Amino acid sequence: MTNKQKELVKATVPVLREHGVLLTTHFYKRMFTHNPELKNVFNMGNQQNSKQQTALAMAVLAYAEHIENPAVLMPVVDGIGQKHISLDIRPEHYAIVGGHLIASISEVLGDAATPELLEAWTVAYNQLAAIMSGHESKLYAKQVEKKGGWTGWRPFVVKEKVKESAEITSFYLYPTHGGEVPDFTPGQFLSVRLFLPELNLLQPRQYSISSAPNGEYYRISVKREAGTHLLADGMISNRLHNFVNEGDIIEVSAPAGGFVLNADSDRPVVFISGGVGQTPLMSMLESLVESGSKRPKTWIHGCRDNNVHAFKEMIEYWESKNADVKKHIFYSEVTGEESADWYNGWVDLNQLGDEIFAHETEYYICGPAGFIELHYRELLSKGIDKQLIHFEEFGPQTLQLN
Ligand SMILES: Cc1cc2nc3c(=O)[nH]c(=O)nc-3n(C[C@H](O)[C@H](O)[C@H](O)COP(=O)(O)OP(=O)(O)OC[C@H]3O[C@@H](n4cnc5c(N)ncnc54)[C@H](O)[C@@H]3O)c2cc1C
Ligand code: HEM
């Protein structure tokens, strides 16, 4: 890439900042018109709420800003790559996306998109695509190296379906051909793919593995996303709850994701979850308890009330059997007397005493974006090092906190 081309790409940053989502919205519309088969690959629910458009716009913007030294983007490339490999994105897809992206820049910018600018962006895109698909090839290679490992979609049978609360149900997934499932690092997710007759499409969704690695099965725990008078019910979660039963077969991709327990550390660990955000943290806590780890483990969880409180008994059991496990539960929709078992209101770390904010502790947060942001900022304000605060959103990563 020439210096002039780098300058041209960098000069696009302010325009992208202003019109980034417009550009990527145009891009997706264009791509799905010309390549409708890709509707089976993307989460069409995310297309409606513009989160995916924003995530792509932010990634393109970050790249344009760091065009001189794309190596600084490797953590971002890895995060996106983890999502891509769980969706079976392959190098050949990059040419399709690139063609539509460059055409969209031309169509959105109109006369401002000179041939030089489009050429510069084509070179830049190809450079980024090579970095990303190169990194993803390495991630795929690592997956098949594992015992029982695979890439792409693989059939799994639902051997058990267990109701955990009024809204959350667990699915125990075993490979249809038998045999082992590869280990994963607690905190990782997998993708599940189902055919949706109402859309006439296959649709993937990510679910964190909620059990510790066991070599035999993966457990996922899915919240039924109810609609409102304005919004439709969540498509895949409702299909899993209402139509996928014990004995049914679904397609599953291999575990991936970078929000993982640092098992090498012996620091105290605090898990902070809102609602179904507890699933990756359940896997982390279970693996620590099972390994006999003596790290102090604090479980802080918030949900509406007892009815929607999943894994309550499991956490109580672990607390009763392990002196180093301590739980704090918050119910936001319960009024009246607090009990020894729960607090009234939203999760509030300040109610738990100063020892919650110890500087050597590691924190794992999972829940809605606002929940993560609130607790992240609270921890920072108490002087916690941001390297020790890990978090994950259950959707395209929109928070820019680190
Ligand atoms: C890494 C990761 C891990 C995850 N782990 C879990 C987990 O362990 N457990 C879990 O339950 N979920 C998890 N999720 C979330 C999960 O992937 C799905 O997003 C969730 O199940 C909703 O999918 P759905 O198909 O049911 O809803 P969608 O059909 O995708 O809809 C999503 C939401 O948007 C609303 N909606 C519908 N139509 C519109 C519209 N027109 N405009 C705006 N909004 C609309 C729906 O009401 C619904 O609430 C995870 C996500 C990620 C990225
Ligand atoms: C340089 C090119 C690309 C960039 C910068 C890019 C960027 C991104 C980003 C930022 C996300 C969101 C990650 C997250 O969840 O936080 C994402 C997700 C995704 N990407 Fe890419 N991507 C590129 C190429 C591709 C290609 C070639 C495909 C295949 C057709 C693809 C398919 C997807 C899908 C299906 C998702 C999940 C989206 C969803 O949930 O709807 N991407 N990508």
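Relevant structure appears above.
Since the model is a prediction, treat every value here as computed from it, not as a measurement. (Residues numbered from 1 in each chain as written. Chains lettered and ligands numbered in written order. Predicted model: local features only at pLDDT ≥ 70, side-chain atom pairs only at ≥ 80, totals over all residues. Heavy atoms only, no water.)

1. A short note on the coordination of the iron atom of ligand 2
Line of reasoning, step 1. Counting protein donors to the iron atom of ligand 2 gives just one, His84 (NE2), placed at 2.1 Å.
Line of reasoning, step 2. Note that His84 resides in helix α5 (residues 74–85). (Donors = N, O, S within 2.8 Å, 3.2 Å for Na, K, Ca; no water. Helix = DSSP H or I, 4+ residues; strand = E, 2+ residues; numbered from the N terminus.)

2. What to know about the site of ligand 2
Line of reasoning, step 1. By nearness alone, 21 residues border ligand 2, and Asn43, Asn46, Lys83, His84 and Gln397 come closest of all.
Line of reasoning, step 2. In this structure, Asn43 approaches ligand 2 through a main-chain N or O atom, which is 3.0 Å from an oxygen atom.
Line of reasoning, step 3. A distance of 2.8 Å separates a nitrogen atom of ligand 2 from a polar atom in the side chain of His84.
Line of reasoning, step 4. Here the element with the most residues in the shell around ligand 2 is helix α4 (residues 51–65); it accounts for four residues.
Line of reasoning, step 5. Its residues placed into classes, the shell around ligand 2 shows 14 nonpolar, six polar and one charged. (Near = heavy atom within 4 Å. Polar contact = N/O pair within 3.5 Å; in protein donor to acceptor, adjacent residues only side chain to side chain. Nonpolar A, V, L, I, M, F, W, Y, C, P; charged D, E, K, R; others polar.)

3. Some points on unusual backbone geometry
Line of reasoning, step 1. One non-glycine residue with positive phi stands out, namely Asn200, at about 60°.
Line of reasoning, step 2. With respect to the secondary-structure elements, Asn200 resides in the loop between β3 (189–196) and β4 (201–208).
Line of reasoning, step 3. On the basis of relative accessible area, Asn200 is assigned to the exposed category, the value being 57%.
Line of reasoning, step 4. The backbone phi angle of Phe311 is positive, close to 60°, even though this residue is not glycine.
Line of reasoning, step 5. In this fold, Phe311 is placed in the loop between β8 (297–303) and α10 (312–321). (Buried < 20%, exposed > 50% of the residue type's maximum accessible area, 1.4 Å probe, protein only.)

4. Considering the sheet that holds strand β7 (residues 269–274)
Line of reasoning, step 1. The six strands lie next to each other as β10-β9-β8-β7-β11-β12, forming an open sheet whose pairing is parallel. Two strands in the sheet have a free side with no partner beyond their single neighbour: β10 (343–344) and β12 (389–392).
Line of reasoning, step 2. Both β7 and strand β11 (residues 362–366) contribute to a ladder of five bridges, which runs parallel. Residue pairing across strands places Ser273 opposite Cys366, the latter belonging to β11.
Line of reasoning, step 3. Across the face of the sheet, helix α9 (residues 278–290) comes into contact with β7, β8, β9 (325–331), β11 and β12 while running at roughly 150° to β7. (Pairing = 2+ DSSP bridges. Contact = heavy atoms within 4.5 Å. Axes fitted to C-alpha atoms, helices over the stretch in contact; angles between N-to-C directions.)

5. Here's the deal with the sheet that holds strand β1 (residues 154–163)
Line of reasoning, step 1. One open sheet holds the six strands; their spatial order is β4-β3-β6-β1-β2-β5, and the pairing between them is antiparallel. The open sheet has two free edges, formed respectively by β4 and β5 (218–223), since each of these has just one partner strand. Strand-to-strand twist across the sheet, computed as the mean angle between neighbouring axes with direction ignored, equals 40°.
Line of reasoning, step 2. Taken together, the two bridges between β3 and strand β6 (residues 249–252) define a ladder with antiparallel strand orientation. Residue pairing in the sheet places Arg193 in a bridge with Glu251 of β6.

6. Some thoughts on the packing of aromatic side chains
Line of reasoning, step 1. Applying the stated criterion across every chain, the model contains 15 aromatic pairs.
Line of reasoning, step 2. A centroid spacing of 5.5 Å and a plane angle of 75° characterise the contact between Tyr28 and Phe42, whose relative ring orientation is edge-to-face. Residue Tyr28 is located in helix α2 (residues 13–34), and its partner Phe42 is located in the loop between α2 and α3 (44–49); the two are separated by 14 residues in the primary sequence. For the pair shown, Tyr28 and Phe42 are each scored as buried.
Line of reasoning, step 3. Ring plane angle 50° and centroid distance 5.2 Å describe the contact between Tyr172 and Tyr217, whose orientation is recorded as tilted. Taken together, the residues Tyr172 in strand β2 (residues 168–175) and Tyr217 in the loop between β4 and β5 connect sequence positions 45 residues apart.
Line of reasoning, step 4. Overall, the relative accessible area of 12% leaves Tyr172 in the buried class.
Line of reasoning, step 5. Connected via pairs of aromatic rings, a cluster forms that spans Phe27, Tyr28, Phe32 and Phe42.
Line of reasoning, step 6. The ring of Tyr174 carries Lys159 above its face, with NZ or CZ at 4.3 Å from the centroid.
Line of reasoning, step 7. Across the ring face of Phe357, the terminal group of Lys382 is positioned such that the distance to the ring centre comes to 4.9 Å. (Phe/Tyr/Trp six-rings, centres within 6.5 Å; stacked < 30°, edge-to-face > 60°. Lys NZ or Arg CZ within 6 Å of the ring centre and 35° of its normal.)

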